[in-house]
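Given next are the chains, with one letter for each unit.
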Amino acid sequence: MERALYYESLSDQRVRCTLCPHSCFISEGLRGICHVRMNRDGILFTDVDGRYSVINMDPIEKKPLYHFFPGSSVLSLGTKGCNMRCKFCQNHEISQAIPGDYPYMRVFSDEGILEIARESNSCIGIAYTYNEPTVFFESMIVLARKAKLNDLKNVMVTNGYINPDPLDELLEYMDAFNIDLKAFRRGFYKKYTHSQLDPVLESLKTVRLSGRHLEITHLVIPGLNSKDKEFEELVTWVAGELGPDTVLHLSRFFPAYQLIIDPTPIDLLYRFYDIAKEHLNYVYLGNVNTRFGNDTSCHHCGQDLVRRFNYMVEVIGLEKGHCSACKKQVVIC
């Protein structure tokens, strides 16, 4: 176990974790809501240091990131645990694992991970993903520092539920974020994720102000966050607070974990796509087997830039991230 970086010592050997907005008060021998941060003798430890549940070389589009080195790959890794309790989690086997529930953790050294990343000519760096990276903050920030020294990019795929101080520390090393914005109602976050909306909105604004690349994923769940009015409020907020060039991925829901309902109707995704395009310049559809809503065209002149089908990517109109026709920057590469 590695000693946690963000916590306060209290009386009676209790501690208060300050990594995320839950601010868990943890008594001796117990764990926080994430299941991986444990109080031992009045000291907060994390039990996922250097141990990973998944390490894969993925297309960058799978994160999803469509405007960050399109067509490249990224070494993607995850551990276990999460600071949310999403009833619809598609990675619940690792994100909701309690101690002893997931026996397949593997030990990898930072140097071993960096070597795997460097071996692939298409790999741009490391993505911290699969489960919530905030809960393995200590491992992530050490590895991210080493990745930067090796000219590798760092990508964080996150729910955005993190306190300002640790987020500020991460911003020094992260190059790109995909942040889930699961709904635009506080009641949804409380009932279906056991967390709060407002800290996620603050994280989104902080990342945007930092200048780091930002894309957003919104999982459309029929009957839960699928009202036109709520969704229009969401995209209006994104356009106003983060800018109309903010990339938005609308993802189709499939039944998972504790939420066994019908998948998102395709026509609902199409309707939300049309609503979003009234406010945002770059909107994409995910978890659907269609060409519609996957290609990238220049918002300024209409030039086709990137064609996508599943994870097959063809870059056709980009020159170092700029549109080959009007020369405006559209992606980072």
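Notes on the structure follow. (Residues numbered from 1 in each chain as written. Predicted model: local features only at pLDDT ≥ 70, side-chain atom pairs only at ≥ 80, totals over all residues. Heavy atoms only, no water.)

So, on to the nonpolar core. Ranked by size, the top nonpolar core spans 91 residues in total, and within it Leu 181, Leu 204 and Leu 250 carry the most contacts. Among the elements that make up this core, the one with the highest residue count is helix H7 (residues 228–242) (seven residues). When residues no more than four places from it in sequence are discounted, the contact partners of Leu 250 are His 218, Val 220, Phe 231, Leu 269, Phe 272, Tyr 273, Val 283, Tyr 284, Leu 285 and Gly 286. Counting residues in each nonpolar core, the second largest holds eleven residues, with Tyr 66, Cys 323, Val 330 and Val 331 among its members. (Core = buried A, V, L, I, M, F, W, Y, C linked by side-chain atoms within 4.5 Å. Buried < 20%, exposed > 50% of the residue type's maximum accessible area, 1.4 Å probe, protein only. Helix = DSSP H or I, 4+ residues; strand = E, 2+ residues; numbered from the N terminus. Contact = heavy atoms within 4.5 Å.)

A word on the pattern of salt bridges. If you walk through the whole model with that rule in mind, you get 18 salt bridges. The salt bridge involving Lys 62 is made with Asp 58; its shortest N-O contact spans 3.9 Å. Here Asp 228 makes a salt bridge to Arg 271, at a shortest N to O gap of 3.1 Å. Residue Asp 228 is located in helix H7, and its partner Arg 271 is located in helix H8 (residues 266–277); the two are separated by 43 residues in the primary sequence. By relative accessible area, Arg 271 is classed as partly exposed at 36%. (Salt bridge = Lys/Arg side-chain N within 4 Å of Asp/Glu carboxyl O.)

Taking strand neighbours across the sheet as the criterion, the eight strands line up as E8-E9-E11-E12-E13-E14-E15-E16 in an open arrangement whose pairing is mixed. Each end of this open sheet is capped by a strand with a single partner; those strands are strand E8 (54–59) and strand E16 (282–286). Each adjacent strand pair in this sheet contributes to an overall mean axis angle of 20°, direction not counted. With six bridges joining them, E8 and strand E9 (residues 73–78) adopt antiparallel strand pairing. Paired with Asn 56 across the bridge in E9 is Ser 76. Sheet strands in contact with helix H2 (residues 110–119) are E8, E9 and strand E11 (123–128), and its direction is about 155° off that of E9. (Pairing = 2+ DSSP bridges. Axes fitted to C-alpha atoms, helices over the stretch in contact; angles between N-to-C directions.)

Locating Thr 18 in the fold gives a position in the loop between strand E3 (15–17) and strand E4 (25–26). For Thr 18, a relative accessible area of 16% puts it in the buried group. Within the structure, Thr 18 has its side chain in polar contact with the backbone nitrogen of Tyr 7 (distance 3.3 Å). Sequence-distant contacts of Thr 18, that is, excluding residues within four places in its chain, are made with Tyr 6, Tyr 7, Glu 8, Asn 163 and Pro 166. (Polar contact = N/O pair within 3.5 Å; in protein donor to acceptor, adjacent residues only side chain to side chain.)

Moving on to the packing of H7 against H8. Each pair of packed helices can be described by the angle between their axes along with the distance between the axes. Contact pair H7 / H8: the axes reach a minimum separation of 9 Å and the direction vectors enclose 40°. It follows that H7 is oblique to H8 by the angle criterion. The way H7 lies across H8 gives a crossing that is right-handed. Here Asp 228, Phe 231, Glu 232 and Val 235 of H7 lie close against H8, whose contacting residues are Arg 271, Phe 272, Ile 275 and Ala 276. Classifying every residue of the contact of H7 with H8 by side-chain character gives five nonpolar, no polar and three charged. (Parallel < 35°, antiparallel > 145°, perpendicular 65-115°, else oblique. Left-handed = near helix turned anticlockwise from the far one by under 90°. Nonpolar A, V, L, I, M, F, W, Y, C, P; charged D, E, K, R; others polar.)

Turning to unusual backbone geometry, a few remarks are in order. In this chain, Lys 63 is followed by Pro 64 through a cis amide linkage whose omega measures -10°. Within the element layout of this structure, Pro 64 appears in the loop between E8 and E9. Its identity is not glycine, yet Asp 151 carries a phi of approximately 60°, on the positive side. One can find Asp 151 in the loop between helix H3 (137–149) and strand E12 (153–158). For Asp 151, a relative accessible area of 71% translates into the label exposed.

None of this, on its own, says anything about what the molecule does.
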